[in-house]
Amino acid sequence: MKPVNGGEKLGMPAARFCLGGCAGLALSAGLFCASADAGAPGAAAASFLKFTPSPRATAMGESYVSVTEDAYAAYWNPAGLASVERPEFAATYNASFEDVAHQYVTFAFPLRYGSTLDLNLTRLSVTPFQGYDATGLATRKVTSSDLAIGVAYGRTMLKDEIDRPILNVGANLKSISETLDAVSANTFAADLGAVYYLRPDKYWIRSGRAQELRFALAARNLGPGLKFDKASSPLPTAFTLGASWVAHPAAKSSLILSADNTIANDEKNIFNLGAEYSAFQLMSFRAGYRTGVAIGSGVRFGFGINLSFVDLDYSMSPFGELGAMHKIGVTMKFGKSSARTPLAGKTQRVEHAALMAKKETIVSLQMFANDFIELAKKDLAQRKYISAEV
């Protein structure tokens, strides 16, 4: 590896953080997979942490850990925050069953492209219900609510020869509380994640434009359990491996295919599939499938409307006789892109990250840049202004 045009080598502290964090995440996943009692429903507390935000993610079958590059990354995979280009505020409202409502709010603020800070809040509320004493007599109405407040950060650790991210890592630290009438419990937890981007020179689909492969690993709810009275229950810890393929079949369209595999301490092994087609950079159509669903088919679908400053998303999940679960989400975008001009919004550019590229690729780019500059100088000297601009 060799720095070029402002690139920086991977120093020892950064290298240890990058490699140690990824190794630790992989090791934790391996130990968890070897020891977790997968397929034990009800084994974990704080089940509200499993209510997933983002209608886009839900419509794609919840196959999202390698796809997310928005404010919702704080939940799905904090590493995705590093790819957020400008400040985003996102909110999801989920009208669930039996008077249960779930809300998720998140705000992502890029310090610069490749370095993003995020604040997020998850809340689950239940309409007050009738309480009874030990003899079965009705007492007062009982209230119940759950809350999690988190701070997340995502950063690009490695970039390629034209300053696009190769390896992103991230973490989300959160405070968790549950309240049932006059009794409450509190704890804390962490979410960790990493995303690796692969952009080979040659693909098996040669006619595809700007193809990209992504591989991701995310760990959720790592921390001590919740303790009511003397009994303590673990958090719903889960590890997810994901991959996705991103392509642009036409100049103003994109296609994403994704797959996730999740193992948790209170659920059976879950497999997710998702697809999204975006047309004219305006409308997005999504569909997906999730295994391990006790009620319903596991099919998910939805759509989105993408404007310059706001995205509107909707998803629908059928649950058999219980009906359907509907999610509505809004993502608002502020300011200008933090990606470097003149390629902002088209080609992502990272400044503060270690450069990883083949020496021959760097030399080839330098030669091309030098030739282009010399040609531009020649055109300007001959007053061929139009040619020079092109």
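Reference entry: report on the structure contained in this document. (Residues numbered from 1 in each chain as written. Predicted model: local features only at pLDDT ≥ 70, side-chain atom pairs only at ≥ 80, totals over all residues. Heavy atoms only, no water.)

A positive phi angle, close to 75°, is found at serine 54, a residue other than glycine. With respect to the element layout, serine 54 can be found in the loop between helix H1 (12-35) and helix H2 (55-59). The backbone phi angle of glutamate 62 is positive, close to 60°, even though this residue is not glycine. Within the secondary structure, glutamate 62 is located in the loop between H2 and helix H3 (73-76). Accessibility expressed as a relative area gives 17% for glutamate 62, which makes it buried. (Helix = DSSP H or I, 4+ residues; strand = E, 2+ residues; numbered from the N terminus. Buried < 20%, exposed > 50% of the residue type's maximum accessible area, 1.4 Å probe, protein only.)

Okay, the packing of aromatic side chains next. Tallying each qualifying case throughout the model produces six aromatic pairs. Judged by centre distance (5.7 Å) and plane angle (75°), the ring pair of tyrosine 64 and tryptophan 76 falls under edge-to-face. Highlighted residues: tyrosine 64 in the loop between H2 and H3 and tryptophan 76 in helix H3, separated in sequence by twelve residues. Side by side, tyrosine 64 and tryptophan 76 carry an identical accessibility label, which is buried. Three or more aromatic residues joined by ring pairs form one cluster here, namely Tyr64, Tyr72, Tyr75, Trp76 and Tyr104. (Phe/Tyr/Trp six-rings, centres within 6.5 Å; stacked < 30°, edge-to-face > 60°.)

Its location among the elements puts serine 317 in strand S15 (residues 310-318). One polar contact links serine 317 to arginine 300, side chain to side chain, over a distance of 3.2 Å. With residues up to four places along the chain from it excluded, the contact list for serine 317 reads Thr58, Val299, Arg300, Gly323, Ala324 and Met325. (Polar contact = N/O pair within 3.5 Å; in protein donor to acceptor, adjacent residues only side chain to side chain. Contact = heavy atoms within 4.5 Å.)

Once that is clear, we can look at the nonpolar core. Tyr64, Trp76 and Leu81 are the most contacted members of the largest nonpolar core, which has 18 residues in total. Breaking this core down by element, the ones donating at least two residues are H3 and strand S2 (100-112). Sort the elements by how many residues they give to this core and H3 lands first, with four residues. Non-local contacts of tyrosine 64, meaning those with residues more than four positions away in its chain, are made with Ser54, Arg56, Ala57, Asp70, Trp76 and Asp260. Listed in part, the twelve residues of the second largest apolar core include Ala45, Phe48, Leu49 and Ile176. (Core = buried A, V, L, I, M, F, W, Y, C linked by side-chain atoms within 4.5 Å.)

In short, the description is geometric, and any link to function would need to be established separately.
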